[in-house]
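Spelled out from the first residue to the last, the chains are:
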Amino acid sequence: MKISTRGRYALRFMIDLAMHSENQYIALKDISARQEISVKYLEQIASLLSKHGLLMSIRGQQGGYKLSRSPAKYSVGEILRLTEGPLAPVACLENPDMPCERLAVCKTLPFWRGLYKVIEEYVDNYTLEDLVNQEPVVE
């Protein structure tokens with residue numbers, strides 16, 4: 001599993017809003033400058049997040065975006081699933097309504113299910129607030 005640019009940028013965008021909004025709307029150009037992400041790309045991400053209720057937006061001169069709830073109420077998993085889709089490590093786990101033809105004989109399925117469970121638990125146990133409060137690691 002590899003998280004795409006969209007998923008990574010969505011997390012950076014949400015962290016930026018959590019750190020800078022103070023219950024005010026923030027213009028995309030300001031976030032773009034701080035995060036070094038194009039405004040055009042942020043518009044796509046913001047549209048998706050707004051459509052699903054993660055952000056509130058206002059148009060006009062004083063317009064911009066802000067979080068619709070406190071950073072502690074967002075799981076990283078929620079944001080990644082919205083931007084990435086299922087986080088399953090293999091295709092056969094993505095859609096339980098369409099099981100793999102080899103389900104009954106697959107020796108690797110228990111391994112993939114275990115990995116998927118670990119991924120889901122990990123991303124769901126981190127909140128946006130956790131990421132905001134986390135110190136960067138410099139190596």
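About the cut-offs
Residues numbered from 1 in each chain as written. Predicted model: local features only at pLDDT ≥ 70, side-chain atom pairs only at ≥ 80, totals over all residues. Heavy atoms only, no water. Buried < 20%, exposed > 50% of the residue type's maximum accessible area, 1.4 Å probe, protein only. Helix = DSSP H or I, 4+ residues; strand = E, 2+ residues; numbered from the N terminus. Salt bridge = Lys/Arg side-chain N within 4 Å of Asp/Glu carboxyl O.

1. As for unusual backbone geometry
- For asparagine 23, which is not glycine, the phi dihedral falls at a positive 65°.
- Owing to a relative accessible area of 61%, asparagine 23 belongs among the exposed residues under this scheme.
- One non-glycine residue, glutamate 36, lies in positive phi territory at about 55°.
- Secondary-structure assignment places glutamate 36 in the loop between α2 (28-35) and α3 (39-51).
- With a relative accessible area of 70%, glutamate 36 lands in the exposed category.

2. So, the pattern of salt bridges
- Evaluation of the coordinates by the stated rule reveals six salt bridges.
- With its nearest N and O atoms 2.6 Å apart, the salt bridge here joins aspartate 16 to arginine 34. Pair noted here: aspartate 16 is in helix α1 (residues 5-20) and arginine 34 is in helix α2, with a separation of 18 residues, a long-range link.
- The partner of glutamate 121 in a salt bridge is lysine 117, and the shortest N-O contact between them spans 3.9 Å. Separated by four residues within a single helix, glutamate 121 and lysine 117 lie in helix α5 (residues 109-125), roughly one turn from each other.

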